[in-house]
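# Descriptive analysis of the structure
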Amino acid sequence: AMNRTIVATALGATAFAGAALAWRRSRQQELLQRIESSNVIPIITPVIEIPTAEYVLSRMEHMPLDDVTLVLHTEGGCVTSCVMIADALRKFTRSTAIVPYMAISGGTLIALNAKRLVMGRNAVLSAVDPQIFGQRARHIPERDEDGLHPLAQEYDSAVSQYLRTTLTDRLRDHPDPKALDRAMSVFMGENAPHAWPIKATDLARLGLPVETASRQWAGLVDEYRLAIDPRTGLALRGGRCRR
C-alpha cells in the first residue's frame with residue numbers, strides 16, 4: 001500500500017510538472033509571437049553576428065511605421081554586424097534602445113545610435129574600441145608576429161571615426177566644447193578595461209540623455225531567454241532563434 005501511494009504521488013507530481021512546463025511553453029510562444037508582430041526587436045544574444053544583423057535589418061525593413069524599439073542584452077560581437085544595425089537605426093525618425101541589464105561593446109555602439117536611450121536601474125554599457133582575437137586593437141604591436149598590426153589600425157581608426165560621428169550627433173546641443181572629447185575617451189576605453197561598466201550616472205555626467213527603464217523590460221529579457229534553448233540556439237516554438 002505504501003509503494004502504491006509513493007508511485008501515485010510521484011505520478012501526480014510528474015503530471016503537475018508537465019502541465020506547468022506546457023503552460024510556460026505556451027506563455028513563451030505567445031511572447032515570441034507578440035514580439036514578432038510589434039515594433040520591438042530583441043537583440044538578446046551573447047554574440048551579435050551576421051545572422052543577427054540579417055534578422056534585425058529584415059524586421060526594420062518591414063516596420064509599418066517610422067518607429068522602432070530595440071531591446072538589447074548582449075556582450076557585443078562582429079563589428080560589421082553592429083555597424084549595419086546602428087546605421088539602419090539612425091534612419092528611423094523615432095528610435096529607442098532599451099538596455100535592461102547590459103549592452104557591452106558592439107551593443108553599446110548600437111544603443112548610442114538610437115534617438116532615445118533607456119536603461120535599467122543596474123544596467124551598464126561599455127567601451128566600444130575593437131578587439132582582434134580577444135586583444136584590444138590598439139594594443140597590438142607594430143611588429144606583431146601574426147602581422148595583425150595593419151588590420152588592428154584599420155579597425156581602431158574606423159570605429160573611432162564612427163563613434164565620433166555618433167557622439168557628435170548626440171552632443172550637438174551640449175554647451176561645453178570639450179564634452180565630445182570626454183565622451184570619446186570614455187567610450188574608446190582610454191582609461192579603463194574594454195568591458196568596464198559604464199552606468200547611467202556616468203552617461204549623465206557626460207551630458208548624454210538617458211531615461212530609466214520600466215521593470216517590464218527586464219521581465220521581457222528574462223522570459224525571452226527562457227524561450228530560447230541555449231544548447232541549440234533555437235526558439236522553443238521550433239523556429240530559428242531570432243538573435
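Residues numbered from 1 in each chain as written. Predicted model: local features only at pLDDT ≥ 70, side-chain atom pairs only at ≥ 80, totals over all residues. Heavy atoms only, no water.

## A few points about the packing of helix H2 (residues 50–61) against helix H3 (residues 79–90)
Put simply, the test is: For helices, the axis comes from a line fit to the C-alpha atoms of the stretch in contact; other axes are also lines fit to C-alpha atoms, and the angle between any two N-to-C directions lies between 0 and 180 degrees. Numbering of helices and strands starts at the N terminus; helices are DSSP runs of H or I of at least 4 residues and strands are runs of E of at least 2. Reported orientations rely on four angle classes, namely roughly parallel under 35 degrees, roughly antiparallel over 145, roughly perpendicular from 65 to 115, and oblique for the rest. Each crossing is labelled by how the near helix is turned from the far one, with a counterclockwise turn of less than a right angle marking it left-handed and a clockwise turn marking it right-handed. Residue contacts are defined here by distance: any two heavy atoms, one from each residue, within 4.5 Å place the two residues in contact.
H3 packs onto H2 with a crossing angle of 15° between their chain directions and a minimal axis gap of 8 Å. Taken together, the axes of H2 and H3 are roughly parallel relative to one another. Between H2 and H3 the crossing geometry is left-handed. On H3, the residues that touch Ile-50, Ala-53, Val-56, Leu-57 and Met-60 of H2 are Ser-81, Met-84, Ile-85, Ala-88 and Leu-89.

## Overview of unusual backbone geometry
Defined as follows: Each residue is placed in one exposure class: buried if its accessible area under a 1.4 Å probe, protein chains only, is under 20% of its type's maximum, exposed if it is over 50%, and partly exposed if it falls in between.
For Ser-105, which is not a glycine, the phi torsion comes out positive at approximately 55°. Mapping Ser-105 onto the fold places it in the loop between strand E3 (94–99) and helix H4 (106–111). Ser-105 sits in the buried class, given a relative accessible area of 13%. Located in the positive-phi region is Phe-133, a residue other than glycine, with phi close to 55°. On the secondary structure map, Phe-133 appears in the loop between strand E6 (131–132) and strand E7 (135–136).

## Concerning the packing of H3 against helix H5 (residues 149–170)
Put simply, the test is: Amino acids outside the nonpolar list (Ala, Val, Leu, Ile, Met, Phe, Trp, Tyr, Cys, Pro) and the charged list (Asp, Glu, Lys, Arg) are all regarded as polar, and Gly is one of them.
Interhelical geometry of H3 versus H5 gives an angle of 20° and a closest axis separation of 13 Å. Taken together, the axis directions place H3 and H5 in an arrangement best described as roughly parallel. For the crossing formed where H3 meets H5, the hand is left-handed. Taken together, the residues of H5 that come into contact with H3 (itself represented by Val-79, Val-83, Ala-86, Asp-87 and Arg-90) are Tyr-155, Val-159, Tyr-162, Thr-165 and Thr-166. The residue makeup of the contact of H3 with H5, split by class, is six nonpolar, two polar and two charged.

## Some points on the confidence of the model for the protein
Spelled out, the test is: A score between 0 and 100, pLDDT records how confident the predictor is in each residue.
Chain-level pLDDT for the protein is 86 on average; 78% of the residues reach the 70-or-more range. In this model, residues 236–243 is a region of pLDDT below 50 whose contacts with residues beyond four sequence positions or in other chains number 27 contacts.

## Overview of the sheet that holds strand E4 (residues 116–119)
Stated precisely, the cut-off is as follows: The criterion for strand pairing is that DSSP finds at least two bridges linking the strands in question.
Read from one edge to the other, the open sheet built from five strands follows the order E1-E2-E3-E4-E9, with strand pairing classed as parallel. A single partner strand is all that each edge strand has here, and the edge strands are strand E1 (40–44) and strand E9 (211–212). With two bridges connecting them, E4 and E9 associate as parallel partners. From the neighbouring strand, Met-119 faces E9, where its bridge partner is Thr-212.

## Structural notes on the pattern of salt bridges
This is how the line gets drawn: Salt bridges are defined as contacts in which a side-chain nitrogen from Lys or Arg sits within 4 Å of a carboxyl oxygen from Asp or Glu.
Enumeration according to the criterion identifies nine salt bridges in this entry. In this structure, Arg-94 and Asp-67 form a salt bridge, with 3.8 Å as the shortest nitrogen-oxygen distance. In this pair, Arg-94 is assigned in strand E3 and Asp-67 in strand E2 (residues 67–73), connecting sequence segments 27 residues apart. With relative accessibility at 23%, the residue Asp-67 sits in the partly exposed group. A salt bridge links Arg-205 to Asp-202, with the nearest nitrogen and oxygen atoms 2.4 Å apart. Here Asp-202 and Arg-205 lie together in helix H7 (residues 200–206), a separation of three residues that amounts to about one turn. With relative accessibility at 17%, the residue Asp-202 sits in the buried group. Ionic contacts of the salt-bridge type, sharing partners, join the residues Asp-129, Arg-136 and Arg-138 into one network.

## Describing H2
Heads up, the rule is: What a helix should span is 1.5 Å times the count of its residues minus one. The arc under discussion is defined with respect to the helix axis, by the directions toward the C-beta atoms.
End to end, H2 covers 16 Å across 12 residues, agreeing with the expected 16 Å (1.5 Å per residue, within 8%). Along H2, the residues classified as buried are Thr-52, Ala-53, Tyr-55, Val-56, Arg-59 and Met-60. Relative to the axis of H2, the buried residues are bounded by an arc of 165° and lie together on one face. Among the exposed residues of H2, those oriented more than 90 degrees off its buried face are Pro-51, Glu-54 and Glu-61.

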